[in-house]
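# Inside the fold
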Amino acid sequence: MKSYISEFESKDKPKDYYQKLLEELKGKNRELHVFNNLNEDLRDGFPFSVKDNICVRGVESTASSKILKTYKPPFNATVVERLQRQGFAFLGKTNMDEFGFGSFGINCETPARNPFNVDYVAGGSSSGAAVATSILKYHVAVAESTGGSISAPAAFCGVVGFTPTYGVVSRNGLIDYANSLDKIGFMARSAADIRKVLNMSVGRDEKDTTSLDARLRDEPKIQFSVINQLMNGLDDKVRSAFDKLLEKLKSMDYKINYVDLKDIEAAIPAYYIISTAEASTNLARYTGFKYGFKVGDFSKRYNDFFTEARMQFGSEAKRRIILGTFVRGASVKNRYYVKALKVRAMLGEKMRRILRESLIISPTMSITTPKISEVEKLSPVQTYALDMLTIPPNLCGFPHVSFPYEYIDDMPIGAQIVGDHFNDYAPISFVENWEGKFKYRFKYNIGAI
Ligand code: GLN
């Protein structure tokens, strides 16, 4: 099992290692817009990056939003604190869709670009985290997923992306998108490294009342379930690559089982109702008084003052405020928000039944990596629909991993494995097993010693 963390620790580093790494990275950053800021004071330790919606003490943490420009939190997120305590070195804050709103990394001022081809998206919303993992040889990324923000960019950039069971990694220090859905997770170049950083990060945290002190399991499964409804609507090339993957799994003695789960089609509408409802309340705190952008001129009239502050939001954030405020309105609440909560509970129950016996497998994304110019043309509804494979496990809080397994037209693609609640190590173990058998090639190796 390849661990870049162990390899790095056992190597002698030249004195100017970190300086050189930073220089090379700065060059790449101009081309790929990976980092919102880099730590000029990089010190000894295994480098880790932090998605820009996770707080690092004294470092601008903006969630790629203009409204949070200049916000420097006076504290570290718990996950940052825990990794630093293990001797990891903070490298910088990674680019993302504003507040996590997006699947392609284009909903921000300067979108990150795919390292395999700069005309293509990096994926989102943890775009920079995936690009950093793809180009740096020794590095792990701390990222966050609400509805697929770790899986999607990991797949498009050819790295391993892991999202834990909801609540097992403290969210203290996360700039919230949708509290009942947000999970802090990781990206790395190998599953063994994901296992290591997960180990360091889990455990109850007094500062996050929803964090759990759960014992995570590593209960292997020899059976994979493919949900028929998720296979409709796959791009032809993705479909045929995925069929070949299933054949390889059979040759590794895994069993493939096809199951129906008609209700899974309700996952996207339920997710976008719950997530926008929560987002609209979370964004209400950005008024121009307390956080980041300050209007300053108190002689302004009420409406003018708040309009000036809230104009700083990008168009996707505004859309979600409007949508989320609508769906939780008193007159329609039962028709949308309450119903969406019921869908979530029902779907979680049905998926859990499948996950008792097996792991669920699917491609990570239904399409191959799109060009930036292509996704810019999509309507919001078309864009949301492309989350069909990543949303179900996120909506119901199941741990899942995306791993790269193939290239289509020289761009990497990924498959996603979902496990039962608290069986977080099962999907990771599977990927370790896979990596032992099938070699994967990275395009860049910045920071190689
Ligand atoms: N694409 C989804 C959304 O826009 C998921 C993003 C995320 O996980 N932060 O809500």
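Residues numbered from 1 in each chain as written. Predicted model: local features only at pLDDT ≥ 70, side-chain atom pairs only at ≥ 80, totals over all residues. Heavy atoms only, no water.

Along the chain, P380 turns up in helix α14 (residues 380-385). Judged by its relative accessible area of 28%, P380 is partly exposed. Sequence separation between P380 and N53 is 327 residues; the distance between their C-alpha atoms is 22 Å. (Helix = DSSP H or I, 4+ residues; strand = E, 2+ residues; numbered from the N terminus. Buried < 20%, exposed > 50% of the residue type's maximum accessible area, 1.4 Å probe, protein only.)

Let us now look at the site of the ligand. Around the ligand, the structure places 15 residues, and the nearest of them are T146, G147, S149, Y177 and Y271. Within the backbone of G100, a nitrogen or oxygen atom sits 2.9 Å from a nitrogen atom of the ligand. At 2.6 Å from an oxygen atom of the ligand is found a main-chain nitrogen or oxygen belonging to G147. Coverage of the ligand by the protein amounts to 99% of the 290 Å² it exposes when considered alone. When the residues that make up the shell around the ligand are grouped by side-chain class, the tally is four nonpolar, nine polar and two charged. (Near = heavy atom within 4 Å. Polar contact = N/O pair within 3.5 Å; in protein donor to acceptor, adjacent residues only side chain to side chain. Areas by Shrake-Rupley, 256 points an atom, 1.4 Å probe, with all protein chains shown as cover. Nonpolar A, V, L, I, M, F, W, Y, C, P; charged D, E, K, R; others polar.)

This brings us to the side chain of T390. Here T390 lies in the loop between α14 and α15 (391-395). For T390, a relative accessible area of 1% puts it in the buried group. Among the polar contacts listed, one links the side chain of T390 to the backbone oxygen of G147, at a separation of 3.0 Å. In this view, T390 contacts G147, G148, S151, T364, M365 and Q416; residues no more than four positions away in its chain are not counted. (Contact = heavy atoms within 4.5 Å.)

Once that is clear, we can look at the nonpolar core. Ranked by size, the top nonpolar core spans 135 residues in total, and within it F99, L249 and L395 carry the most contacts. Per-element accounting of this core gives the leading share, nine residues, to helix α9 (residues 267-282). Leaving out residues up to four positions away in the same chain, F99 has contacts with A63, S65, I67, L68, I175, Y177, L283, Y286 and F313. Counting residues in hydrophobic clusters, the runner-up holds eight residues, among them A152, M365, I372 and L386. (Core = buried A, V, L, I, M, F, W, Y, C linked by side-chain atoms within 4.5 Å.)

One open sheet holds the eleven strands; their spatial order is β1-β3-β2-β4-β6-β5-β10-β11-β9-β7-β8, and the pairing between them is mixed. Looking at the sheet topology across the chains shown, the edges are occupied by β1 (35-38) and β8 (255-259). Across the sheet, the mean angle from the axis of one strand to that of its neighbour is 30°, orientation sign disregarded. With respect to the sheet, helix α2 (residues 17-32) is in contact with β1, β2 (47-51) and β3 (89-94), its orientation differing from that of β1 by roughly 155°. On top of the sheet, helix α16 (residues 425-437) reaches β5 (160-163), β7 (223-227), β9 (359-363), β10 (400-408) and β11 (411-418); it is set at about 30° to β10, its chief contact. (Pairing = 2+ DSSP bridges. Axes fitted to C-alpha atoms, helices over the stretch in contact; angles between N-to-C directions.)

This part covers the pattern of salt bridges. Inspection of every chain in the model, using the stated rule, returns 24 salt bridges. Salt-bridge contacts for E7 lead to K137; the nearest nitrogen and oxygen are separated by 3.9 Å. Placement of E7 in helix α1 (residues 4-9) and of K137 in the loop between α4 (127-135) and β4 (140-145) is noted, with a sequence separation of 130 residues between them. In this structure, the salt-bridge partner of E349 is R352, at a minimum N-O distance of 2.9 Å. Remark: R352 and E349 occur in helix α12 (residues 334-357); sequence separation between them is three residues, near one turn of the helix. Given a relative accessible area of 25%, R352 falls into the partly exposed group. By sharing partners, the salt bridges in this structure join K2, E7 and K137 into a single network. (Salt bridge = Lys/Arg side-chain N within 4 Å of Asp/Glu carboxyl O.)

What follows concerns helix α3 (residues 78-85). Of all the positions in α3, only T78, V79, V80, R82 and L83 are classed as buried. In this structure, the buried side of α3 is in contact with β2, β4, β6 (183-188) and α6 (191-201). Remark: G87 follows α3 within two positions and exhibits a positive phi of approximately 90°.

What follows deals with the pairing of β4. Of all six residues making up β4, six are buried, and the element is well covered by its neighbours. Side chains V140, V142 and E144 of β4 all project onto a buried face; the interleaved residues A141, A143 and S145 project onto the opposite face, where all are buried too. Across three bridges, the pairing between β2 and β4 is parallel. Bridge pairing in β4 places V50 opposite V142. Bridge count for β4 against β6 is five bridges, and the pairing is antiparallel.

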